[in-house]
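The primary structure of each chain is shown beneath.
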Amino acid sequence: MTAFFRKPAVLAAGLGAIGLAAASQLYQKEPIKKNTLGLSPLPKDTSVVFVLGGPGAGKGTQCANIVKDYGFVHLSAGDLLREERQRKGSPYGELINNIIKEGQIVPMEITISLLHAAMKANGGTRFLIDGFPRAIDQGEKFEDEVVKSKMVLYFECPEEEMLKRLTKRGETSGRVDDNIESIIKRFKVFKETSYPVIELYKDKVEKVSCMNTVDGVYNDTKRALEKHFPSK
Ligand code: C5P
Ligand code: MG
C-alpha cells in the first residue's frame, strides 16, 4: 500500500471512491434481466385446464360440452394461431401457415401471447386451453409467466382412429393440415415432442379414452373433471 493510503481517513475515502466507481461500473453494465414475455397478470382465482390429445382425438368436441355445463371459456391454441394467420397486418401470418402445414410447432412466444391476450379479452376465470402445451418448454413458460394449470385432461386415442377421423374431417374442414402428408408429420411431432408433456404432468393428468361414443367419452370426461372441479 502506498504511503498516501497509510492515513486511515484517506484510506476510508479511497476505498469509498473505489466502491463507488465499482458500483457505477456495475450499474452501467446491461442490467441482468430474465427473458420474460412481460405479460400482465391475470386474476388470482384464474384456473386453467390443459386439454391434450393427438390430432383428431376429440378435444374440441369435448371442450364444447364442458363449456355448456361448467362455464369454462374454451381457447384452442390451434384456432388462435389460425386466426392470427388470417389477421390483416399480422407479421406472423406466413410463418404460422408454413409451420402448421408442416405439422411443426409454432414458436411458443407467439402462442403464449395469443393465449394470454384471449384470456384477458374473455375475462373469465376458468379456462380450457385446448391443444396446448405441445412441448415441454411451452408448458413451463406458460406456467412461469401466465398461470399454473390445475389439471390436464388427456384424450387417449390410437393412431388408426385419429387417422380415420382426420381423413373424414379433411373432406370438409378446408384445413391445410388435414391431408395425409401433414397428418403423418403431426403424428410424429405428437409422439416425439407433445407426448412427453403428459409425462411431465403425470401427477395432475386425467386420461380419458376416446374409443367410445361422444356421449360416452363425455361421461368419462365429466368424472375426470369433477375430481378437480367438484360440482356445487
Ligand atoms: O390443435 P390443432 O390441431 O388445431 O393445431 C394445429 C396446428 O397448430 C398444430 O399442428 C401446430 O402446427 C400448431 N400448434 C402449435 N402449438 C400449439 C398448438 C397448435 O404450434 N400449442
Ligand atoms: Mg382442435
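Fair warning: this is a prediction, and the values are worked out from it, not measured in the lab.

Participant: Go over the overall build of the protein with me, naming the residues and quoting the values.
Facilitator: Looking only at helices and strands, the protein features nine helices and five strands. The order of helices and strands in the protein, counted from the N terminus, is α-β-α-β-α-α-α-β-α-β-α-α-β-α. Burial analysis of the protein (232 residues in total) assigns 41% to the buried set. Within the protein, contacts between residues at least 6 apart in sequence are counted, and of these 77% link residues at least 24 apart. Accessible area for the protein stands at about 13500 Å²; split by element, carbon and sulfur atoms hold 56% of it.

Participant: Can you explain the site of ligand 1? Please cite residues and give values.
Facilitator: If you check the shell around ligand 1, you find 17 residues, and the closest are R82, Q104, V106, G131 and R134. Within the contact set of ligand 1, a nitrogen atom lies 3.3 Å away from a side-chain nitrogen or oxygen of Q138. Relative to its unbound accessible surface of 460 Å², ligand 1 loses 96% to contact with the protein. Looking at the shell around ligand 1, the elements with two or more residues in it are α3 (77–86) and α4 (93–101). Broken down by element, the shell around ligand 1 gets its largest block of residues, four residues, from α3. For the shell around ligand 1, the residue count by class is seven nonpolar, five polar and five charged.

Criteria and cut-off values
- Residues numbered from 1 in each chain as written.
- Chains lettered and ligands numbered in written order.
- Predicted model: local features only at pLDDT ≥ 70, side-chain atom pairs only at ≥ 80, totals over all residues.
- Heavy atoms only, no water.
- Helix = DSSP H or I, 4+ residues; strand = E, 2+ residues; numbered from the N terminus.
- Buried < 20%, exposed > 50% of the residue type's maximum accessible area, 1.4 Å probe, protein only.
- Contact = heavy atoms within 4.5 Å.
- Areas by Shrake-Rupley, 256 points an atom, 1.4 Å probe, with all protein chains shown as cover.
- Near = heavy atom within 4 Å.
- Polar contact = N/O pair within 3.5 Å; in protein donor to acceptor, adjacent residues only side chain to side chain.
- Nonpolar A, V, L, I, M, F, W, Y, C, P; charged D, E, K, R; others polar.

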